[in-house]
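Here is what each chain is made of, one letter per residue.
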Amino acid sequence: MKIKTLLAAVIVMFVFTTVQAQISVSSTPVTTIRSDGITEKTGNVVLTFNSAPANGTDTITLDYGVKVNVATAAGAITSGTGITIGTISTSGNLVRLPLTFASAAGTNIVTLSGVRVDVAGSGLTELSASLSSTAISIVAGQNITKVVNSIAAPMSAGKSTNAKAALL
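Residues numbered from 1 in each chain as written. Predicted model: local features only at pLDDT ≥ 70, side-chain atom pairs only at ≥ 80, totals over all residues. Heavy atoms only, no water.

### A short note on the overall build of the chain
In step 1: The helix and strand inventory of the chain stands at 2 helices and 13 strands.
In step 2: Per-residue burial for the chain yields a buried fraction of 27% across its 168 residues.
In step 3: Here the analysis covers contacts within the chain between residues at least 6 apart in sequence; of these, 74% occur between residues at least 24 apart. (Helix = DSSP H or I, 4+ residues; strand = E, 2+ residues; numbered from the N terminus. Buried < 20%, exposed > 50% of the residue type's maximum accessible area, 1.4 Å probe, protein only. Contact = heavy atoms within 4.5 Å.)

### A word on the nonpolar core
In step 1: Counting residues in hydrophobic clusters, the biggest one holds 31 residues, and the most contacted among them are Leu47, Phe49 and Tyr64.
In step 2: Taken together, the elements giving at least two residues each to this core come down to β1 (22-28), β4 (44-49), β5 (56-63), β9 (94-113), β11 (127-133) and β13 (144-152).
In step 3: The biggest single contributor to this core is β9, with 6 residues.
In step 4: Sequence-distant contacts of Leu47, that is, excluding residues within four places in its chain, are made with Ile23, Ser24, Val25, Ile60, Leu97, Asn108, Ile109, Val110 and Leu131. (Core = buried A, V, L, I, M, F, W, Y, C linked by side-chain atoms within 4.5 Å.)

### Focus: the pairing of β1
In step 1: One ladder, built from 2 bridges, connects β1 with strand β12 (residues 137-138); its direction is parallel. Across the sheet, residue Ile23 finds its bridge partner in β12, namely Ile138.
In step 2: Relative to β4, β1 runs antiparallel, the two being bridged by 6 bridges. Opposite Thr28, over in β4, you have Asn44 as the bridge partner. (Pairing = 2+ DSSP bridges.)

### Here we look at the pattern of salt bridges
In step 1: The tally for this structure, following the rule as stated, stands at 3 salt bridges.
In step 2: The closest approach of N and O atoms between Lys146 and Glu126, which form a salt bridge, is 3.1 Å. Residue Lys146 is found in strand β13, and its partner Glu126 is found in the loop between β10 (116-117) and β11; the two are separated by 20 residues along the sequence.
In step 3: Lys146 sits in the partly exposed class, given a relative accessible area of 30%.
In step 4: On the basis of relative accessibility, which here comes to 37%, the residue Glu126 falls in the partly exposed class.
In step 5: Residues joined by salt bridges that share partners form a network here, namely Arg34, Asp36 and Glu40. (Salt bridge = Lys/Arg side-chain N within 4 Å of Asp/Glu carboxyl O.)

### Let's talk about the layout of surface pockets
In step 1: In this structure, the largest pocket spans a volume of roughly 210 Å³.
In step 2: Looking at the lining of the largest pocket residue by residue, the classes come out as 8 nonpolar, 5 polar and no charged. (1 Å grid on protein atoms, 1.4 Å probe; cavity = no way out; pocket = protein on both sides within 12 Å on 5 of 7 lines; lining within 4 Å. Points joined across faces, edges and corners; volume = space filled by probe spheres on them. Nonpolar A, V, L, I, M, F, W, Y, C, P; charged D, E, K, R; others polar.)

### A few points about unusual backbone geometry
In step 1: A positive phi angle, near 55 degrees, is found at Ser103, a position not held by glycine.
In step 2: Position of Ser103 among the secondary structure elements: in strand β9.

### Describing the packing of aromatic side chains
In step 1: Enumeration over the complete set of coordinates arrives at 1 aromatic pair.
In step 2: Ring centres of Phe49 and Phe101 lie 5.7 Å apart, and the angle between their planes is 70 degrees; on these two criteria the pair is classed as edge-to-face. Taken together, the positions of Phe49 in strand β4 and Phe101 in strand β9 put the pair 52 residues apart, joining distant regions of the chain.
In step 3: Relative accessible area serves as the criterion here: at 0%, Phe49 is assigned to the buried category. (Phe/Tyr/Trp six-rings, centres within 6.5 Å; stacked < 30°, edge-to-face > 60°.)

### Describing the confidence of the model for the chain
In step 1: On average, the chain scores 83 in pLDDT, and the residues at 70 or more come to 79%.
In step 2: With pLDDT under 50 throughout, residues 6-18 is counted as low confidence; its partners more than four residues away or in other chains account for 0 contacts. (pLDDT = per-residue confidence, 0-100.)

### Details of the side chain of Asp58
In step 1: Looking at the secondary structure, you find Asp58 in strand β5.
In step 2: Nearest to the buried, unbridged Asp58 among oppositely charged side chains is Arg96, at 11 Å.
In step 3: A distance of 3.0 Å separates a polar atom in the side chain of Asp58 from the backbone nitrogen of Ala135.
In step 4: Separated by 3.3 Å, the side chain of Asp58 and the backbone nitrogen of Ile136 make a polar contact.
In step 5: The contacts of Asp58, once residues within four sequence positions are left out, are Ile23, Leu97, Pro98, Leu99, Phe101, Ser133, Thr134, Ala135 and Ile136. (Lys, Arg positive; Asp, Glu negative; His and termini not counted. Polar contact = N/O pair within 3.5 Å; in protein donor to acceptor, adjacent residues only side chain to side chain.)

Structure below.
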């Protein structure tokens, strides 16, 4: 009898844990930015909720690893209903995206765009953002997403006899 009760409890727990909303993370990285740039635009980060989240709140924190210099970040609901985006805030290398869920239905997609970063002197050759969530779990292995494919050397004018200098 105890084994049947235990088995039933395990099955119930399995059903509840597999039905919980999770966030899948993807991005549309920018191809190239300048290595001396202090306001370089990064690619969009896309958050897909695999099922409707329960009513409540969550804050998605993105750590870019370099200073977020210009607070022009914008969030958009690109699919689904019942999610409201709060005021996006930045501090140092972090961007915080507050979300409120009220009667969310179906698959919801939230896109964060317009984040600008200061990569000058960082020595990086590409840039990824790491994500964390206060309430809804992120699908395993998807907590880091690339936002810039390549950080290239800055342009130089060269000497006055150089063809590049004549163009500039």
